[in-house]
Amino acid sequence: MNSLPHNTLTSKSNKHLYIEAIRILACLFVIFNHTGDLGFSMFTTRTPGSRSFWFYLFPSIFCKAAVPLYFAITGALLLGKDEPLSIIWKRRIPRTLIVLFLFSLLYYFSNAEAPVHHFNILSFLRTIATGSITSSYWYLYSHLGLLVCLPFLRALIKNLDDRHFYYWIILHFIFNSILPVFTYFSGFKLNSNFSIQWLMQNIAFYPCLGYFIHNRLSRLICKKALPPLWILNIGTIALSCFCTYHYGINQVGSFSQQSSQAFHSTFVMVNCATLFITFKIFFECISTPRWLNFIITTVGGCTFGTYLIHEWLLYRCVPFRNFWWNLPWNFNIPVFIATITTCFIVLLICTAITLILKQIPFLKKLI
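Residues numbered from 1 in each chain as written. Predicted model: local features only at pLDDT ≥ 70, side-chain atom pairs only at ≥ 80, totals over all residues. Heavy atoms only, no water.

A. Region of the structure containing empty space enclosed by the protein. For the coordinates displayed, the defined rule picks out two cavities of 30 Å³ or more. Every residue lining the largest cavity is listed: Ile61, Lys64, Ile237, Ser240, His264, Phe267, Val268 and Asn271. Among the residues forming the lining of the largest cavity, the class breakdown is four nonpolar, three polar and one charged. Taken as a whole, the second largest cavity encloses approximately 30 Å³ of empty space. Around the second largest cavity, the lining residues are Phe165, Trp168, Ile169, Phe205, Cys208, Leu209 and Phe212. Elements with a minimum of two residues in the lining of the second largest cavity: helix H7 (162-186) and helix H8 (202-216). Residue contributions to the lining of the second largest cavity peak at four residues, all from H8. Counted by class, the lining of the second largest cavity contains seven nonpolar, no polar and no charged residues. (1 Å grid on protein atoms, 1.4 Å probe; cavity = no way out; pocket = protein on both sides within 12 Å on 5 of 7 lines; lining within 4 Å. Points joined across faces, edges and corners; volume = space filled by probe spheres on them. Nonpolar A, V, L, I, M, F, W, Y, C, P; charged D, E, K, R; others polar. Helix = DSSP H or I, 4+ residues; strand = E, 2+ residues; numbered from the N terminus.)

B. Up close: the pattern of salt bridges. With the rule as written, the count across this model stands at seven salt bridges. Across the salt bridge formed by Glu83 and Arg92, the nearest N and O atoms sit 2.9 Å from each other. With respect to burial, Glu83 and Arg92 carry one shared label: buried. Here Asp162 ties to Arg216 by a salt bridge, and the two come within 3.0 Å at their closest N and O atoms. With Asp162 in helix H7 and Arg216 in helix H8, the pair connects residues that are 54 residues apart, well separated along the chain. On the basis of relative accessible area, Arg216 is assigned to the partly exposed category, the value being 25%. (Salt bridge = Lys/Arg side-chain N within 4 Å of Asp/Glu carboxyl O. Buried < 20%, exposed > 50% of the residue type's maximum accessible area, 1.4 Å probe, protein only.)

C. Examining the packing of helix H4 (residues 85-109) against helix H12 (residues 303-316) more closely. One way to put it is that H4 packs onto H12 with a least axis distance of 11 Å and a crossing angle of 15 degrees. Of the possible angle classes, the one that applies to H4 and H12 is roughly parallel. Crossing angle aside, the handedness with which H4 passes H12 is right-handed. When H4 is examined against H12, the residues Arg95, Val99, Phe103, Leu106 and Tyr107 are found in contact with a partner set consisting of Phe304, Leu308, Ile309, His310, Glu311, Trp312 and Arg316. (Axes fitted to C-alpha atoms, helices over the stretch in contact; angles between N-to-C directions. Parallel < 35°, antiparallel > 145°, perpendicular 65-115°, else oblique. Left-handed = near helix turned anticlockwise from the far one by under 90°. Contact = heavy atoms within 4.5 Å.)

Here's what the structure looks like:
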């Protein structure tokens, strides 16, 4: 194991270090995405068009790459595998279902309006089957959909050459990014019977994008693509900011957390691809020390657990919630800086909790 390059493979799990680093970034994005008016939606509390409005809107859109990055990671690691259908239905899907059940219980019993003596298992199962206990768990349902479709995606990518992947990416950029903006400003709509959205679904496109970048793109191509990708990325995020501003002013008349996100994910594919390639190139071109490898793999290996419990820590754990909400005034720092700091604190605390939970044999296999 010592003969392996530090920047290529990590520990006994044989994982790519840059994948673990992307997990950490995506996890921080998810945490920030759930900070409401103190972070993610802070732009809605500012005067539209003001400097602070644009300043807080940019990171709000930037962090929307979180879920696409997670899907891309799944595709990078799983699509190239050749495993029987039984592995998916006996191991992967049951694992996600058990996680959904157990951690939904955590949120249920931490709700003051749902006392233990009123708990009904059938009602609880119906709730998590038809909805969710906490809003952030929508991703688990999407992940289940991805796992069910995994055999088809594996068969698909085996028969695609690089030209097909480029064609797919171009189609996604045109139909999911350019066309919605053009439709919004021009009012022009294509006939609804013409649709290729089945090809653009998150659980199909982003796993295949992650597989393509991870397994097909060479270092040379990635290096050449990176500068123009970042220019395009910054430009499209700026365009999303403008569309958000225009939509709030002219269509809705106000800015709320829900209505203001109409264009947050319009160009998220560009951001996802740019970040994925950036991390891939960075970690392939530098030699990282062992201590940094250890930190990245440890924290990266706990990001699933962090995702599962971070919202409980932010909003259900009263002592921490009070600490977070009073942090700006207790330490005399700007609210936004306090929120960013809180995101890192949440990541560290949840990592510690996950490491403890991993000591329990049954939970170790789940998170």
